Amino acid sequence: MNLIDWFADPAHWVGPDGIPRQVLTHLLYCAIAAAAAIVIALPAGLVIGHTGRGAVLVAGLANALRALPTLGLLIAAVLLVSPHFGSQLAFAVPALIVLVVLAVPPILTNAYAGVVAVPPQVRTAAHGIGMRPWQVLLTVELPCALPLVISGVRSASLQLVSTATVAAYVSLGGLGRYIIDGQAQLDYTQMLAGAVLVALLAVAVEALLLLLERALVSPGLTGRLRRLPDPDGDPAAAVPAAAPSPGRAP
Amino acid sequence: MIRFDRATKAYPDGTVAVDGLDLTAPTGKTTVLVGPSGCGKTTSLRMVNRLIEPTSGTVLLDGRDTAGLDTAELRRGIGYVIQNAGLFPHRTVADNIASVPRLLGWTRRTARDRALELLELVGLPAAYADRYPAQLSGGQQQRVGVARALAADPPVMLMDEPFSAVDPVVRARLQEEFLALQREIGKTILFVTHDIAEAVTLGDRIAVLRVGGELAQFAPPHELLTRPADDFVADFVGRDRGYRALDFAAPAALEVREENTVRLGASLEEARGAARDGWTLVVSDAHRPLGWIDVTAAGPGTAGPDPVGREHLVLGGTTARGAEGLRELLDAALSSPSGRGAVTDEAGVLTGTVTPEDVVGAITAARAEAAAQAAREPAGATTDRRSQAPAEETA
């Protein structure tokens, strides 16, 4: 049975084990983990970048978390956490913990790096014109850090989509089912189909986040703007624009 | 009025950035803080809007101790311009300018109208309102920076090396515009620079600080140039201070000489007829000086400048606008290839020429006059005349 036949088989598209259902389950795990990671890591990264306090913590913690082996962590979490939860949650909670741990470092480090990378004169100006510290953070530092923040969320999401397959290892649903089950049944076509689905989902999520980035990030930060002819005669800026240029260069 | 009263900033490691500064920046005037790196000029400036808190002493704004005020509210009432402008890259030009009005709770509409007004005031087209800072040159960004500082019409402005990061040509223009703007709006300005030439050009009074944050001299520019308080100030003010002080000398009583001229397109024969010492001044139809022509330039067998075209002009000389600014007159005379500096009226129309000897004679006369006047008047009175039109290129 080859891959195309496998996808063409209507039986694989319906029911609780069908592709749509597993994709949704997979996305649900990813979305919950991403949301939790953002809630934890984004404010922490922003505040650490703003105050400059705890920078060592960011580097140390992020690297330590990255070094954890996902599968080992999953088993440890199941052993430690499962007894405290009943039924379904007994495996879902440990799996989500593992995924959150995975997603926190890229979001934390990028949020921190984004704020730190705001040019010092911009920060000085923000304070100097009379913004309060929270206004500096929310109306200047965060919008300026947004490209890096979103890129952190993107890399976290990619890792989540690929790693959420481990949920199947502890008997949960998601696209990992096809891989784990396929391996158990020596059904390599099914395994391959699972891998292809994960890859497609990753690309789709990436595309969605790129659109989000376009919508959220100020055009002033993207470097896609055209420079204007300069009445001061500064040659560095005198790139002639054929017509009054639109907000974004093609 | 900004008053520093024994303001001191010392850091825990023992470094003293500013040491007991006593200084009053008068209302409606530009006071310049100038000095080498590490003299505490920026620290002093930042003590006014409390980006840096003094460790002892006080800074008073119109008699009120700033230490008792809410920092954010204090800063919203003080215009602040910094090097590289520090514009918010994610906001449009108009939104940048509207920053302080929005902080003060103005409506979006009112703030935007005000931003457009200011854009015009600083000489940028209204079409720039919706551009982003990354689309502007350094000079344009700095204009927006000035507009942002002026948006809420604060009585006091702090300017921290605002023109240091732009190229010299743009800087000269920004300085010129700054003077024109300040004549119009009359803000109380505290201006920091490391460039003594800029200080002398822009300041009504100049405070020279030495490393360690100690005030070395506080005086109007002319006095600083002619009577430095000590070796440090003399050294810092620089070698060509005698030349620069000419800007502040009394108006010269100088007769310009008549000059024979030819128009563009004249024949070489005409140019030869008009020449003195081998050089003829070429003017436009409106009688503005264009450049000099060397009537002896044609070698044997070559055509020479016939008829006289733009490509034959020697453009090295500057022109002096009006026959009063001694520095401009001397510069025009010295830079002219013929040794005769072109002098024009306010509209740029040629009135005649001067030689270096003429100008030096006028300088000597002005000195004698000043000395005589000093003998009649009590000490301390200084003239504070500033040339309004800078030397222009060509001719």
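Residues numbered from 1 in each chain as written. Chains lettered and ligands numbered in written order. Predicted model: local features only at pLDDT ≥ 70, side-chain atom pairs only at ≥ 80, totals over all residues.

Trainee: Looking at this structure, how should I read the overall build of chain A?
Mentor: In terms of helices and strands, chain A carries 9 helices and 0 strands. Scanning chain A from its N terminus toward the C terminus, one meets helices and strands in the order α-α-α-α-α-α-α-α-α. Burial status across chain A gives 35% buried among its 250 residues. Here the contacts in chain A between residues at least 6 apart in sequence split such that 69% fall between residues at least 24 apart. (Helix = DSSP H or I, 4+ residues; strand = E, 2+ residues; numbered from the N terminus. Buried ≥ 20, exposed ≤ 12 C-beta atoms within 10 Å, placed from the backbone. Contact = placed C-beta atoms within 7 Å.)

Trainee: Got a minute to help me understand the overall build of chain B in this structure?
Mentor: Per the secondary structure count, chain B includes 14 helices and 16 strands. Considering only C-alpha atoms, chain B reaches an extent of 80 × 55 × 35 Å along its principal axes. Across the 395 residues of chain B, 45% fall into the buried class. For chain B, long-range pairs separated by at least 24 residues make up 62% of all intrachain contacts whose partners lie at least 6 apart in sequence.

Trainee: Mind showing me how you'd approach the interface of chain B and chain A here?
Mentor: How big an interface is tends to be expressed through the accessible area that disappears when the partners come together. The interface is formed by 32 residues belonging to chain B together with 27 residues belonging to chain A. Listed by contribution, the elements that provide at least two residues to the side of chain B that touches chain A are α2 (71–76), β6 (78–82), α4 (99–103), α6 (138–150) and α7 (168–185) of chain B. Grouping the constituent residues of the side of chain B that touches chain A by class yields 14 nonpolar, 11 polar and 7 charged. (Nonpolar A, V, L, I, M, F, W, Y, C, P; charged D, E, K, R; others polar.)

Trainee: Help me understand the domain arrangement of chain B, please; the structure alone is not making it clear to me.
Mentor: Domains assigned within chain B are domain 1 (2–248) and domain 2 (253–359). The distance between the C-alpha centroids of domain 1 of chain B and domain 2 of chain B comes to 41 Å. (Domains from an automatic or database assignment.)

Trainee: Sorry if this is basic, but what is going on with the sheet that holds strand β16 (residues 350–354) of chain B here?
Mentor: As a general point, the strands of a sheet are linked pairwise by backbone hydrogen bonds and lie either parallel or antiparallel. Residue and element names in this part refer to chain B. The strand order across the open sheet formed by 3 strands is β14-β15-β16, and the pairing between neighbours is mixed. Looking along the sheet, the strands with just one partner apiece sit at the ends: β14 (319–321) and β16. Between one strand and the next, the sheet's axes are offset by a mean angle of 30°, whatever the strand orientation. Pairing of strand β15 (residues 341–344) with β16, which is carried by 4 bridges, proceeds in the antiparallel orientation. Across the sheet, Thr344 pairs through a bridge with Leu350, a residue of β16. Running at roughly 140° to β15, helix α13 (residues 326–335) makes contact with β14, β15 and β16 of the sheet. (Pairing = 2+ DSSP bridges. Axes fitted to C-alpha atoms, helices over the stretch in contact; angles between N-to-C directions.)

Trainee: I'm lost on the sheet that holds strand β3 (residues 30–34) of chain B in this one. Help?
Mentor: Residues and elements named next belong to chain B. Read from one edge of the open sheet, 6 strands run β6-β7-β8-β3-β9-β10, paired in mixed fashion. Of all strands in the sheet, those bounded by a partner on one side alone are β6 and β10 (214–219). Going across the sheet, the axis of each strand differs from the next one's by a mean of 15°, ignoring polarity. In this sheet, strand β8 (residues 188–193) lies alongside strand β7 (residues 156–160) in parallel orientation, the contact comprising 5 bridges. Counted as the bridge partner of Val156 is Thr188 from β8.

Trainee: Sorry, what's going on with the environment of A:Ala117 here?
Mentor: Positionally, A:Ala117 belongs in the loop between α5 (89–116) and α6 (120–128). Separated by 71 residues in the primary sequence, A:Ala117 and A:Tyr188 have C-alpha atoms spaced 47 Å apart.

Trainee: Explain the nonpolar core to me, please; I cannot follow it from the model alone.
Mentor: Inside soluble globular proteins, nonpolar side chains tend to come together where they are buried. By size, the foremost hydrophobic cluster in this structure holds 153 residues, and its most contacted members are A:Leu99 and A:Ala103. Shared between two domains, this core takes at least three residues from each, and those domains are domain 1 (2–248) and domain 2 (253–359) of chain B. (Core = buried A, V, L, I, M, F, W, Y, C linked by C-beta atoms within 7 Å.)

Trainee: In this structure, what is going on with the pairing of β3(B)? I would like to understand it.
Mentor: All names here are of chain B. Among the 5 residues of β3, 5 are classified as buried, and the element is accordingly described as predominantly covered. Because side chains alternate across β3, one face comprises the buried residues Thr30, Val32 and Val34, and the other comprises Thr31 and Leu33, equally buried. Here β3 runs beside β8; their pairing, made up of 5 bridges, is parallel. Within the sheet, the bridge partner assigned to Val34 lies in β8 and is Thr193. Note that β3 and strand β9 (residues 205–210) share 4 bridges and pair parallel.

Trainee: Looking at this structure, how should I read α6(A)?
Mentor: In an α-helix there are 3.6 residues to a turn, and that puts residues three or four apart on one side. Residues of α6(A) that are buried include every one of A:Val122, A:Ala125, A:Ala126, A:His127 and A:Gly128, and no others. If you follow the buried residues of α6(A), they end up packed against α7 (133–163) of chain A together with α2 and β6 of chain B. One or two positions beyond α6(A), positive phi appears at A:Gly130, with a value near 100°.

Trainee: Looking at this structure, how should I read the confidence of the model for chain A?
Mentor: A low pLDDT score tells you not to read the predicted coordinates there in detail. Residues with a pLDDT of 70 or more make up 89% of chain A, whose mean pLDDT is 86. pLDDT under 50 marks residues 231–250 of chain A. Its contacts with residues more than four places away, or in other chains, come to 33 contacts. (pLDDT = per-residue confidence, 0-100.)

Trainee: Could you clarify how one ought to interpret the packing of helix α8 (residues 176–184) of chain A against helix α9 (residues 188–216) of chain A in this entry?
Mentor: Relative placement of two packed helices is described by the angle separating their axes and the distance separating the axes. All names here are of chain A. Axis separation between α8 and α9 bottoms out at 7 Å; the angle between their running directions is 165°. Regarding the angle of α8 to α9, the classification is roughly antiparallel. Handedness of the crossing formed by α8 with α9: left-handed. Of the residues in α9, those in contact with Tyr178, Ile179, Asp181, Gly182 and Gln183 of α8 are Tyr188, Gln190, Met191, Ala193, Gly194 and Ala195. Residues that form the contact of α8 with α9 fall into these classes: 6 nonpolar, 4 polar and 1 charged. (Parallel < 35°, antiparallel > 145°, perpendicular 65-115°, else oblique. Left-handed = near helix turned anticlockwise from the far one by under 90°.)

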